[in-house]
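# Architecture and fold: a report
Residue-level listing of the chains:
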Amino acid sequence: MSYLATTRKGRSLDQPSPGPASEPAATPDTTALHWILRVAVAACFIGHGAFGIITKAAWLPYFAIFGIPEAWAWRLMPVVGTVDITVGVLTLFHPVRAIVLYMAFWGFQTACLRPLAGQGVWELLERAGNYGVPLAFLGLLGGGRSLPDWFSTRPMPALTPERAAAIGWILRVTTALLLIGHAGFDFAMHKDWAGYTAAIGISPTTFAGNPLRPWAGWFECALGLLVLAWPGRGLLVFVFAWKLGTEALRPLAGEPIWEFIERGGSYGAPLALAWLQNFQVKRRGGME
């Protein structure tokens, strides 16, 4: 079941198979990064797909962009949801490079529909985890070297310094964008968060009268800029905990659990980047 496992004679199933001479095999210490990104990508698509199955009125404007009437949109939602869940489950059990590339494209395309539907550019930025994390995962798996290779089961190659740096920048920009985008919901779009704060015992009146309330969005914006400028491990662990905690308010406020699961990329991006920073520090230490 594991994408990292091989069946070569004389080797443990938990050890990666050696690649060609020009492409060293993956090392066991990259397994954690692989699974962080793998689970995050799968959660994003499974959570999003669940809304297609149960249908969601908020999706109607996205179908309208393509001239699809409302009656047909309701019928197509379960189809879209089924595809999303299928690729999510497939990636969870056996990631295929071509599928992961499709997930990055689809995640970006669906995020772009939001500003096209008049919902603002902040919606596009806040969903950076939907397209940035699949792109980072593809960078870790390595792109296909030919058309058939995009659909092959070739083992993940070693994480070279160059690829580690590229993946790090993808995750860095992704984390910054999703924080800044979410911050824009507050300081630019002035979304009402009272339902979420009520879930932890803060009444809407108390929340509205809190003098610190207008600064919540600016705080997240500052976090995003800090990640972009100085992605320290401590900061990234805090961002991971912050996103996990704040998004957990959604099911506590009565929203479907899929809202929390769908944002897997929002948790996976800072966590994977924190791991990568630690990996690079250890690697530099081992070279000294």
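Residues numbered from 1 in each chain as written. Predicted model: local features only at pLDDT ≥ 70, side-chain atom pairs only at ≥ 80, totals over all residues. Heavy atoms only, no water.

It is worth spelling out the packing of aromatic side chains at this point. What the rule picks out here adds up to 9 aromatic pairs. The interplanar angle of 15° and the centroid separation of 6.1 Å between the aromatic rings of Y102 and W106 together place this pair among those described as stacked. With Y102 and W106 both in helix α4 (residues 97-116) and 4 residues apart, this pair spans about one turn of that helix. Their ring planes at 10° and their centres at 5.1 Å tell us that W275 and F279 sit as a pair that is stacked. Placement of both W275 and F279 in helix α14 (residues 264-287) is noted, with a separation of 4 residues, approximately one turn of the helix. (Phe/Tyr/Trp six-rings, centres within 6.5 Å; stacked < 30°, edge-to-face > 60°. Helix = DSSP H or I, 4+ residues; strand = E, 2+ residues; numbered from the N terminus.)

Core analysis: the biggest nonpolar cluster contains 40 residues, and L33, L37, L140, L159, L171 and L276 have the highest contact counts within it. With 8 residues, the top contributor of residues to this core is helix α6 (residues 128-141). The contacts of L37, once residues within four sequence positions are left out, are V133, A136, F137, L140, L171 and A272. Ranked by size, the runner-up nonpolar core spans 9 residues in total, among them W59, Y62, F63 and M77. (Core = buried A, V, L, I, M, F, W, Y, C linked by side-chain atoms within 4.5 Å. Buried < 20%, exposed > 50% of the residue type's maximum accessible area, 1.4 Å probe, protein only. Contact = heavy atoms within 4.5 Å.)

Another point: the confidence of the model for the protein chain. On average, the protein chain scores 87 in pLDDT, and the residues at 70 or more come to 86%. Under a pLDDT of 50 for its full length, residues 5-24 has, in the predicted model, 26 contacts with residues more than four places off or in other chains. (pLDDT = per-residue confidence, 0-100.)

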